[in-house]
Each structure stands twice: as C-alpha cells, then as structure tokens.
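# Observations on chain architecture
Chain by chain, the residues:
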Amino acid sequence: ANLPGIVTAAEAAAARTIAHPQLLLNVPYGEQQTFAEEILNRAGGLSNTLPPIERPKVTTPDDIALLAVRAWEVDGPKMVKLMQDYKQQGWMIIVFASKKGRPKDAPIDVLIDNAGGPGKADAALNTIANVLNAWVWQLEYVSALSRLGKYPGILQSMVVPGSAEHNGALQKNGEARRFLGDTDARIPAGELATIYYKRMDLLVAELRSSTTQQQIATAADLVAARLKDGKTVGVASCEHFLLSDIFHDN
C-alpha cells in the first residue's frame, strides 16, 4: 500500500539528483542513531549518504535530507527543529514516520508512513518500519535514476571479492561519493521493491518457525532464571540496528 508513495518520493529525488548532480543525501546521525546506523556505509547502500556534519563544506541548497521519527510524542520537537533548520537551507525533506500525530509546523516535502502511531508505545515498531521503508526508498531511487539513464554509487558487502577496491574508490572523497554513472538499464518502478517485500515475507515466516521460536523461548527461560537468582545477564548482537536501539523501549 505504501509503494506508490515511496516510488513518487524516489522519482522526485532522482529528478532532483539529475538536475543537481552535486547534491548530497544527508542522514544526520546523533539525532536518529538507529536509523542512521542502518543507512550509512552499508552493503547495498548508497555511497552518497553521510551525516552533514562530516562534509559541511560541500553541502548545497539542493541537498536531500533523509529523516526518521521513532514517535512524534517522543522525538517530535527535536526532529521538527532539525527539519526547519534544513528547510531554511533549501533542502528537500523526506521523512519516514507515522502520519498520525504529524506536527503542523513540520516542513516535510514527503512523508513515508510507517502505519504506526504517535506515542512511545508505538516507537519500537515504528523504528523497524522506518528502516524497512528507507531500504525500499533506496531501491526505488536507484530504479528511478536508471529510468533517467543514470545509476549512483552503491557499496558492496565485505564478503564480495573486490569490494574493498570498489568501496574504497567510492568512499575516498566527497566527489567520489556523489558518483553518477551512465546506464542503459531501465528498471521498472516497483520491481526491486517487490523482490525486497518477498524476501521480507520469507524472513517473517522463518522468524515464526518452530525452530526459531524454540530458540527464543530457551533464551528467555535462561534469562529469567538467572535474573531470579540475582545473577547478571549479558546480551550481545551482531546487528547495526541494535547498537543504540537495544537501550530503548526494552
């Protein structure tokens, strides 16, 4: 249901990129750490996404800001101020958040709805949905650029042979990160998003499987038993999302 809006947002950003190839895709870090951790310097991600604080001398009035709101009632004042500051600089503001509770003074060009609510109780699921929608937006941004004859710099996983050289070339300086190449490919709107959605459906099915649910139950019983005995429980994860989000809404 969200896809048409995401495609529209991606096409608008792609057209802006073609018109202003020096623009930056700005993803502030401190104000939205979980979202930024999932977007910045990730395998399959766009090389042109960085926090504006890391390249303040090359920002332009044509830049695009990608912002996410956990919940308006929690982070609204902070994020609205950020949007207002960016809008004063002329930037296009794309926000991943709930339509419910959107402040009237939030200068948003495009809001991609996470279908959640505005309160603290909604924040955890909102955050997951925001990240999912942001990846779909990136896929459709690449697709939209291809229909205009261009493709952006895309980073590769460290397990891909040659990725160190590939990524190093894109990450060596600001100009390289804004790479736009020529392509004859024309990726239809929604094609990559559909692949992603199918993979997400499979992932959810795997999470609901008896094998995974039994692992979760075993871990929960172990944690509960140790806490009951007054012992310490250590939790670790190899997951960008949880670097900061594990401390919220737990």
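This text goes with the structure placed above it.
First, a word on what this report is: a plain description of the structure on this page.

### Some thoughts on the pairing of strand β5 (residues 110-113)
- Both faces of β5 are covered, namely the face carrying Val110 and Ile112 and the face carrying Leu111 and Asp113.
- Sheet topology note: the strand β4 (residues 92-97)/β5 ladder contains 4 bridges and is parallel. Looking at the pairing, Ile94 lines up with Val110 of β5.

### Things to note about the packing of helix α1 (residues 3-19) against helix α4 (residues 123-146)
- Direction vectors running N to C along α1 and α4 enclose 50°, while the axes themselves pass 8 Å from each other. The pairing of α1 with α4 is recorded here as oblique in orientation. The element α1 and its partner α4 pack so that their crossing is right-handed. In contact with Leu3, Ile6, Val7, Ala9, Ala10, Glu11, Ala13, Ala14, Thr17 and Ile18 of α1, α4 contributes Asn133, Val136, Trp137, Glu140, Tyr141, Ala144 and Leu145.
- Among the residues making up the contact of α1 with α4, the classes are represented as 13 nonpolar, 2 polar and 2 charged.

### Details of the pairing of strand β3 (residues 64-68)
- Summarising burial for β3: 5 of the 5 residues are buried, a large majority.
- Burial along β3 is two-sided: Ile64, Leu66 and Ala68 facing one way and Ala65 and Leu67 facing the other are all buried.
- Both strand β1 (residues 25-26) and β3 contribute to a ladder of 2 bridges, which runs parallel. Looking at the pairing, Asn26 lines up with Ala65 of β3.
- Two strands pair when backbone bridges link them, and β3 and β4 are joined in this way by 5 bridges, in the parallel orientation. The residue bridging Leu66 from the neighbouring strand is Ile94, located in β4.
- For the handedness criterion, the β-α-β arrangement of β3, helix α3 (residues 72-88) and β4 is classed as right-handed.

### Quick notes on unusual backbone geometry
- With phi around 55°, Asn41 is a residue other than glycine that occupies positive phi space.
- For Asn41, the position within the fold is in the loop between α2 (33-39) and β2 (49-50).
- Phi is positive for Ala115, close to 65°, though the residue is something other than glycine.
- Among the secondary structure elements, Ala115 is positioned in the loop between β5 and α4.
- For Ala115, a relative accessible area of 65% translates into the label exposed.

Reading the values: the criteria
- Residues numbered from 1 in each chain as written.
- Predicted model: local features only at pLDDT ≥ 70, side-chain atom pairs only at ≥ 80, totals over all residues.
- Heavy atoms only, no water.
- Buried < 20%, exposed > 50% of the residue type's maximum accessible area, 1.4 Å probe, protein only.
- Helix = DSSP H or I, 4+ residues; strand = E, 2+ residues; numbered from the N terminus.
- Pairing = 2+ DSSP bridges.
- Axes fitted to C-alpha atoms, helices over the stretch in contact; angles between N-to-C directions.
- Parallel < 35°, antiparallel > 145°, perpendicular 65-115°, else oblique.
- Left-handed = near helix turned anticlockwise from the far one by under 90°.
- Contact = heavy atoms within 4.5 Å.
- Nonpolar A, V, L, I, M, F, W, Y, C, P; charged D, E, K, R; others polar.
- Right-handed = clockwise from strand over helix to strand, strands pointing away.

By themselves, these are just geometric observations and shouldn't be taken as functional.
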